[in-house]
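Given next are the chains, with one letter for each unit.
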Amino acid sequence: MNITDLKYAGILSTRLDRFSIKSYSPYRANMRCPICGDSQKSKIKARGWILEKENNAIYYCHNCGASHGMRNFLRTVDNSLYNEYIIDTALEKGEKRKIFEKKEEQVKPLDKLQMKAPNFRKKGSPLLKIKKISQLDFSHKGKIYVQNRQIPASKQYKLYYAPKFNEWVNSIIPEKLPVRENDRARLIMPFIDKQGNLFGFNARAFRDDELRYITIMIDENMPKVFGLDDVDFTKTYYVAEGPIDSLFLSNAVAMAGADGNASGLENTENAVFIFDNEPRNKEIVARMEKCLDKGYKVCIWPKNVLQKDINDVILSGVTQASLELIIDNNTFSGLEGKLQLTYWRKC
């Protein structure tokens, strides 16, 4: 398949529900149709396909009959990607004319695929005092740390860098932390609600000689959940053990503490809880048992996954689409889940 179509199929793999690559030659990828929404009765049905035909990508849905080339498919589902595709196609063909001489008709993208960063840097927000990771220079240590962990560029707007962590915290909650002469930097992962309000945050140290993670709540009445600002509880969503892990999944939140407490979550029948891959860790096994006892769905890692957590799986070379396929194929509940957990804990 031509390189431009292949590039945009890869971008869509992180944005379309249940995206799964079936083969690379010829290219075949399956997903839930973003045009018709696919089956309303079954959340697992996926009848949309991106297929390779004469070196180009075409989209076809077996449910609604939608049929498009990659260009028109992007125009239908995500206008910003469509504009980028027009530019890349022109550059690939070596065109010298101005790309935007002719204004393309603006098509409103589907709500499900709107990927704009939420506006949670509200007037008076403490986040205005620090910078997003996406704003830092590529030589900055905060940027390098995030890049080394392969956190997607499309998710870096959710992360911040506090150069003097204690000072910044005390500007929000006076005398919360001790004043330090050698006040150190931390990676900030803010807890944001649907209205864009900051109600807490998780902070990760850059140095190994400090407590790795600190969670601070501004509003103690809110749940300790990262990702409430853009999760869609009406479809399958993932509940990761930490904020960074959740950034590698297409529709996810993270529970600070990861103890199986579903406080703050909605439609828990759509939730898939994902814990670290540590079968010898009694605390993690207990948390998984707790979730299964409550009737929740839990990912139980297969034997061929040797990495400890989601980030390590990504660092091993697994793509996000493949990661989600592994999780989906190893999600269990009820008695079957307990049986699989028994096998897993003996690994």
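Below or above, wherever it landed, is the structure these notes cover. Predicted, not measured: the structure shown is a model, and the values here were computed from it.

### Considerations on helix 7 (residues 282–293)
(1) Moving on: The end-to-end C-alpha distance of helix 7 is 16 Å, a good match for the 16 Å that 12 residues give at a rise of 1.5 Å each.
(2) Moving on: In this fold, the buried residues of helix 7 make contact with strand 14 (271–274), strand 15 (297–299), strand 16 (331–332) and helix 10 (334–344).
(3) Moving on: N-capping of helix 7 is provided by N281, with a side-chain oxygen placed 3.0 Å from the backbone N of E283.
(4) Moving on: Just past helix 7, the residue G295 takes up positive phi, approximately 90°.

### Here's the deal with the nonpolar core
Nonpolar side chains in soluble globular proteins tend to be buried together.
(1) Moving on: If you look at the biggest cluster of nonpolar residues, it comprises 57 residues, and the most contacted ones within it are L265, F273, I274, W301, L323 and I327.
(2) Moving on: No other element matches the five residues that helix 7 contributes to this core.
(3) Moving on: With near-sequence residues (within four places) excluded, W301 lies in contact with I274, F275, D276, N277, I310, L323, I326, I327 and W344.
(4) Moving on: Counting 24 residues, the second largest nonpolar core, distinct from the first, contains F19, C33, I86 and A321.

### Points about the sheet that holds strand 12 (residues 237–240)
(1) Moving on: The sheet built from six strands is open, its strands ordered 11-13-12-14-15-16 with mixed pairing. The open sheet has two edge strands, strand 11 (225–226) and strand 16, and neither has a second partner.
(2) Moving on: In the sheet, strand 12 pairs with strand 13 (residues 252–255) via three bridges, with the strands oriented parallel. In the sheet register, Y238 faces strand 13, and the bridge partner there is A252.

### Structural notes on the pairing of strand 9 (residues 198–205)
(1) Moving on: The buried count for strand 9 comes to eight of eight residues, which makes it a mostly enclosed element.
(2) Moving on: Where strand 8 (residues 186–192) and strand 9 come together, seven bridges link them in antiparallel fashion. What sits directly across from M189, in strand 9, is N202.
(3) Moving on: Between strand 8 and strand 9, which pair antiparallel one after the other, the connecting turn spans five residues, and G196 there sits at a positive phi close to 85°.
(4) Moving on: As defined by bridge partners, strand 9 adjoins strand 10 (residues 213–217) across five bridges and the pair is classed as antiparallel. Note on strand 10: the bridge partner recorded for F201 is I216.

### Overview of the packing of helix 7 against helix 10
(1) Moving on: With their axes 9 Å apart at the nearest point, helix 7 and helix 10 run at an angle of 170° to one another. As the angle between them shows, helix 7 and helix 10 are arranged roughly antiparallel. Contacts between helix 7 and helix 10 pair I284, V285, M288, E289, L292 and D293 from the former with G334, G337, K338, L341 and W344 from the latter.
(2) Moving on: Broken down by class, the residue content of the contact of helix 7 with helix 10 amounts to six nonpolar, two polar and three charged.

### Some points on the pattern of salt bridges
(1) Moving on: In total, this model carries 15 salt bridges according to the counting rule given.
(2) Moving on: E210 is the partner of R180 in a salt bridge, and the nearest nitrogen-oxygen pair spans 3.3 Å. With a gap of 30 residues between them, R180 in the loop between helix 5 (165–172) and strand 8 and E210 in the loop between strand 9 and strand 10 connect regions that are remote in the sequence.
(3) Moving on: One salt bridge connects D293 with K338, and the closest N-O pair in it is separated by 2.8 Å. In this pair, D293 sits in helix 7 while K338 sits in helix 10, placing the two residues 45 residues apart along the sequence.
(4) Moving on: A relative accessible area of 55% places D293 in the exposed class.
(5) Moving on: Residue K338 is classed as partly exposed on the basis of its relative accessible area of 36%.

### Notes on helix 5
(1) Moving on: F165, N166, W168, V169 and N170 are the residues of helix 5 that are buried.
(2) Moving on: Where the residues of helix 5 are buried, they touch strand 7 (160–162), strand 8, strand 9 and strand 10.

### Let's talk about the packing of aromatic side chains
(1) Moving on: Evaluation of the coordinates by the stated rule reveals 10 aromatic pairs.
(2) Moving on: Ring geometry for W168 against F201: centres 4.8 Å apart, planes inclined by 50°, an arrangement best described as tilted. Of the two residues, W168 sits in helix 5 while F201 sits in strand 9, which places them 33 residues apart along the sequence. Both residues of the pair, W168 and F201, belong to the buried class.
(3) Moving on: Taken together, the ring pairs connect Y145, Y161 and F206 into an aromatic cluster.
(4) Moving on: Sitting over the face of the ring of F138, K143 holds its NZ or CZ atom 4.9 Å from the ring centroid.
(5) Moving on: Here K158 stacks its cationic end above the ring of F226, 5.3 Å away from the centre of that ring.

Quick notes on the rules
All chains use their own residue numbering, which begins from 1 and follows the written sequence. Per-residue local features of the predicted model are confined to residues with pLDDT of at least 70, and side-chain atom pairs are confined, for both listing and counting, to 80 or more; whole-chain, interface and lining totals are unaffected and use all residues. Side-chain descriptors were evaluated using all non-hydrogen atoms of the structure, hydrogens and water having been removed beforehand. Here a helix means four or more residues in a row that DSSP labels H or I, a strand means two or more in a row labelled E, and each is numbered from the N terminus. Any helix carries an expected span of 1.5 Å times its number of residues minus one. In this description, contact between two residues means that some pair of their heavy atoms is separated by no more than 4.5 Å. In protein, a polar contact requires one atom able to donate a hydrogen and another able to accept it; more generally it is a pair of N or O atoms within 3.5 Å, and residues adjacent in sequence count only if both atoms are side-chain atoms. What is meant by a nonpolar core is a set of buried Ala, Val, Leu, Ile, Met, Phe, Trp, Tyr and Cys residues, joined one to another through side-chain atoms within 4.5 Å. Note on classification: 1.4 Å probe, protein chains only; a residue is buried when its accessible area is under 20% of the maximum for its type, exposed when over 50%, partly exposed between these limits. We call two strands paired when DSSP finds no fewer than two bridges between them. Angular values range over 0 to 180 degrees, each being the angle between N-to-C directions of two axes fitted as lines to C-alpha atoms, with helices fitted over their stretch in contact. Small angles under 35 degrees read as roughly parallel and large ones over 145 as roughly antiparallel, with 65 to 115 read as roughly perpendicular and the rest as oblique. Put simply, Ala, Val, Leu, Ile, Met, Phe, Trp, Tyr, Cys and Pro go in the nonpolar bin, Asp, Glu, Lys and Arg in the charged bin, and everything else, Gly too, in the polar bin. Any carboxyl oxygen of Asp or Glu within 4 Å of a side-chain nitrogen of Lys or Arg constitutes a salt bridge here. Pairing of aromatic rings covers Phe, Tyr and Trp, the last through its six-membered ring, and needs centres within 6.5 Å; plane angles under 30 degrees mean stacked, over 60 mean edge-to-face, and all others mean tilted. Working rule: Lys NZ or Arg CZ, within 6 Å of ring centre, within 35 degrees of ring normal, means a charge sits over the ring.

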